[in-house]
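# Fold and geometry: a report
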Amino acid sequence: MTARSCLSIILAAGEGTRMKSALPKVLHKIAGLPMVAHVVRAAQSAGSGDLAMVIGYGAEQMREAVPAFVPEAEIFVQEERLGTAHAVLSARSAIARGYDDVLVMFGDTPLIDPTALADARARLAAGADVVVLGFRTENPAGYGRLVEKEGALVAIREDKDCTEEERRITFCNSGLMAIAGARALSLLDAVGNDNAKGEYYLTDIVEIGGARGLKIVAAEASFENALGINNRAELAGAEAIWQKRKRQEIMLSGVTMIAPETVFFSYDTEVDPDVFIEPNVYFGPGVSVEGGATIRAFSHIEGATIGPRAEVGPFARLRPGADLGEKAKVGNFCEVKKATVEAGAKINHLTYIGDARVGAGANIGAGTITCNYDGYSKFFTDIGAGAFIGSNSALVAPLTIGERAYVASGSIITENVPDDSLAFGRARQKTLPERAKLLRQRRADAAKK
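Residues numbered from 1 in each chain as written. Predicted model: local features only at pLDDT ≥ 70, side-chain atom pairs only at ≥ 80, totals over all residues. Heavy atoms only, no water.

### Section: the overall build of the protein
Along the protein, the regular secondary structure elements total 10 helices and 35 strands. Whereas a compact globule of 449 residues would reach a radius of gyration of roughly 22 Å, the protein reaches 29 Å, over 25% beyond that. Dimensions of the protein along its principal axes, counting C-alpha atoms only, are 90 × 50 × 40 Å. The 449 residues of the protein split such that 47% are buried. Pairs at least 24 residues apart make up 42% of the contacts formed inside the protein by residues separated by at least 6 positions. Side chains of the protein give 50 positive and 55 negative charges; the mean places of these two sets differ by 7 Å. (Helix = DSSP H or I, 4+ residues; strand = E, 2+ residues; numbered from the N terminus. Rg over C-alpha atoms; globule rule 2.2 N^0.38 Å. Buried < 20%, exposed > 50% of the residue type's maximum accessible area, 1.4 Å probe, protein only. Contact = heavy atoms within 4.5 Å. Lys, Arg positive; Asp, Glu negative; His and termini not counted. Charge placed at Lys NZ, Arg CZ, Asp CG, Glu CD.)

### Considerations on the sheet that holds strand 25 (residues 346–349)
The strand order across the open sheet built from 10 strands is 12-14-17-20-23-25-27-30-33-35, with neighbouring strands paired in parallel fashion. Only two strands of the sheet have a single partner each, and these edge strands are strand 12 (256–257) and strand 35 (422–423). Here strand 17 (residues 294–295) runs beside strand 20 (residues 311–312); their pairing, made up of two bridges, is parallel. Residue pairing in the sheet places T294 in a bridge with E311 of strand 20. (Pairing = 2+ DSSP bridges.)

### Remarks on the pairing of strand 4 (residues 50–55)
Across the six residues of strand 4, five count as buried, placing the element largely inside the fold. With six bridges joining them, strand 1 (residues 6–12) and strand 4 adopt parallel strand pairing. Residue pairing for strand 4: L7 is matched across the bridge by D50. Bridge count for strand 4 against strand 5 (residues 74–77) is four bridges, and the pairing is parallel. Residue A52 lies in a different strand from strand 5, and its bridge partner there is E74.

### Considering the pairing of strand 25
With three bridges connecting them, strand 23 (residues 329–332) and strand 25 associate as parallel partners. Within strand 25, the residue paired with V330 across the bridge is I347. The sheet contact formed by strand 25 and strand 27 (residues 363–364) spans two bridges and is parallel. Residue pairing for strand 27: K346 is matched across the bridge by N363.

### As for the pattern of salt bridges
For the coordinates displayed, the defined rule picks out 26 salt bridges. Of the charged contacts in the structure, one is a salt bridge between R97 and E74, with a shortest N-O distance of 2.4 Å. Pair noted here: R97 is in the loop between helix 4 (92–95) and strand 6 (101–106) and E74 is in strand 5, with a separation of 23 residues, a long-range link. The structure contains a network of salt bridges with shared partners spanning R145, D159, E164 and R167. (Salt bridge = Lys/Arg side-chain N within 4 Å of Asp/Glu carboxyl O.)

### Looking at helix 9 (residues 232–252)
For helix 9, with 21 residues, the first-to-last C-alpha span of 30 Å sits near the 30 Å given by 1.5 Å per residue. Burial in helix 9 covers these residues: L235, A238, W242, Q243, K246, R247 and I250. On its buried face, helix 9 sits against strand 2 (29–30), helix 1 (35–45), strand 12 and strand 13 (270–271). Put simply, N231 is the residue that caps the front of helix 9, since its side-chain oxygen is 3.1 Å from the backbone nitrogen of A233. (Expected span 1.5 Å × (residues − 1). Polar contact = N/O pair within 3.5 Å; in protein donor to acceptor, adjacent residues only side chain to side chain.)

Written out as structure tokens, the structure reads:
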């Protein structure tokens, strides 16, 4: 299979009016990733070498979004929506380069299994000219039926055009198709638009190919492979299926979840074996959790790295840039952003640590905050190894707290504290008239530069 060249054409030109959104349908997310990107990942996993994205509605938004998840894709615009075969031919110049296999997929079918695509390609390699992916259902009403005869696919019949006998067929069209590259342009160019809508339908190549004596076959896949998303309810349904798959995968890899149905993952979440996850945890994009870590209930984690045997939560929030070392602890009602918490350091409760380093073995008392933002710029706080920060302390950045230093409870620290020193301080209020207005003006002037 690896020796065969492959072009994947992903049709993503639909308007998706039932989504009732200014955002193109295929850019709505499942597990933190646009649904069309899930299709791209499936194609890549099935060995697709090159990718062609056919766009239409929301073309500018699509042009901006696509490079983020598939920078190598060629983009083609379907100027008029004249049917699926017409959409595929928008990528004519790519098809004409001559590939062994051409896969045609839809950008709104995010649950497509790469193994189903690989199976379709294997059938092409074995001599098929066209492979149509189908699924079986006990309720086929509304779906196109795959009409077979002696092992060959002879037609795809739309529900409204079926005979009574054909209506009883439970093998239905998913819309996904694999075409031998040497046949693709000839078959597509033969598709006409002599139908009620005056459109060019990709499914017509089945009968066209059959009339030419080509080998046209159907391959069976699960219903989920064909699940297209047309509205927000279906989007939620697809999310539920994706999450169920991911939870199963993660638990089978050696992760314990008390109530898996309450834990939500993102497309790129990485969790090592022997991690323990309590109920109601949300993993946003960019999270990795190393072995032996414990994630307690009601924690929200995104863009964070959690080291071995670290502990997070309950009710903790790790924001992008949070990096917890071995056996580090971030406890209840704590928030960490763009900060390194080194091995064995503890941030137990009711604390905000942002733009900072907390050294190995340091202890941060309840109610402590790093004052990292002055309304204009952000500054860094460096807390040394073994330091002790008493409860309800405000650390005003930029600031360095030395190793093994001690900050007394309730202090406002504005100056660096040397190693092994004790610091304390409570400021009396001072009011400077018009100073807030001056700061706002400085910020506005900077924004104009």
